[in-house]
Amino acid sequence: MMKKTLFVALVLNLFCAGAQGFDYIPYQGIFKEMHSDHFTILFTDRFRERAVQTLRYSEDIHLKIKEYLKWAPEERVILILTDDTDLPNGLSTVMPRSTVILNMVSLDRIDSLRDADDPLYSLILHELAHIYHLDQVSGAALFWRVLYGRLYFPNQGSFSWMHEGVAVNAESDLA
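None of the values given here were measured: they were computed from a predicted structure.

Chemist: Explain the packing of helix H3 (residues 119-135) against helix H5 (residues 160-174) here, please?
Modeler: In a pair of packed helices, the angle between the axes and the distance between the axes together describe the arrangement. Direction vectors running N to C along H3 and H5 enclose 135 degrees, while the axes themselves pass 8 Å from each other. In this view, H3 runs oblique relative to H5, as classed from their interaxial angle. In the packing of H3 onto H5, the handedness of the crossing is right-handed. Every residue of H5 that contacts H3 at Tyr121, Ser122, Leu125, His126, Ala129, His130, His133 and Leu134 is listed here: Met162, His163, Glu164, Val166, Ala167, Val168, Ala170, Glu171 and Leu174. In terms of residue class, the contact of H3 with H5 is built from 10 nonpolar, 5 polar and 2 charged.

Structure (structure tokens):
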């Protein structure tokens, strides 16, 4: 009975972890790509200047946040610049790959970014803090990451207030 319960729990855990990921890219025509050592930026022609700025900001943030959280993802993080919604915000996920979607509408419409010196920098910092935090695995949990690969993210199972707390704290300390 114990083995059957453990097997069912394992299968449910894998199913739920996989269901949290997404592979959605908001299509807006032909995407261009820019690459750096740690990031890939996907953008359309109208966001070329913002893409260059986003890549520069992302590399700067990478240096700060890897020291702050004592972790950096092994693979490149994908940042997608889009305006498929009227809400200026971002979205981060680590499954199936580390991806950030940045909505490039007027960023000054976000209450929390109105006081920021550079709203784009703060938005990227906040979303990358989510990626670096959720991707983090160490200690005994590293065994399960090796076993399950990118299906196992122990921090993803923590409370949502903790996810937001880490990102807001990083944004407050590093922006």
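Chemist: In this structure, what is going on with the sheet that holds strand E2 (residues 39-43)? I would like to understand it.
Modeler: Remark on secondary structure: sheet strands pair via backbone hydrogen bonds, oriented parallel or antiparallel. Spatially, 5 strands are ordered E1-E2-E3-E5-E4 in an open sheet, and the strand pairing comes out mixed. Of all the strands in the sheet, just strand E1 (32-35) and strand E4 (90-93) have a single pairing partner and so form its edges. Shown here is a sheet whose adjacent strand axes are inclined to one another by a mean of 15 degrees, direction ignored. Here E1 pairs with E2 via 4 bridges, running antiparallel. Of the residues in E2, the one forming a bridge with Lys32 is Phe43. Taken strand by strand, helix H2 (residues 48-69) contacts E1, E2, strand E3 (77-82) and strand E5 (99-103), and its axis lies near 160 degrees from that of E2.

Analysis parameters
One numbering rule holds for all chains: residues counted from 1, following each sequence as written. Only residues with pLDDT of at least 70 get local features here, since the model is predicted, and only at 80 or more are side-chain atom pairs given and counted; chain-wide, interface and lining totals rely on the full set of residues. Only hydrogens and water are set aside when side-chain values are computed; all heavy atoms of the structure are taken into account. Under this scheme, a helix contributes an axis fitted over its contacting stretch, all axes are lines through C-alpha atoms, and angles between N-to-C directions fall in the 0 to 180 degree range. The numbering of helices and of strands both runs from the N terminus, where a helix is a DSSP run of H or I of at least 4 residues and a strand a run of E of at least 2. What sets the label is the angle itself: under 35 degrees gives roughly parallel, over 145 gives roughly antiparallel, 65 to 115 gives roughly perpendicular, and the rest give oblique. Should the near helix be turned counterclockwise from the far one by less than a right angle, the crossing is left-handed, whereas a clockwise turn marks it as right-handed. Any two residues having at least one pair of non-hydrogen atoms within 4.5 Å are treated as being in contact. Residues were grouped as follows: Ala, Val, Leu, Ile, Met, Phe, Trp, Tyr, Cys and Pro as nonpolar; Asp, Glu, Lys and Arg as charged; and all remaining residues, including Gly, as polar. A pair of strands counts as paired when DSSP detects no fewer than two bridges linking them.

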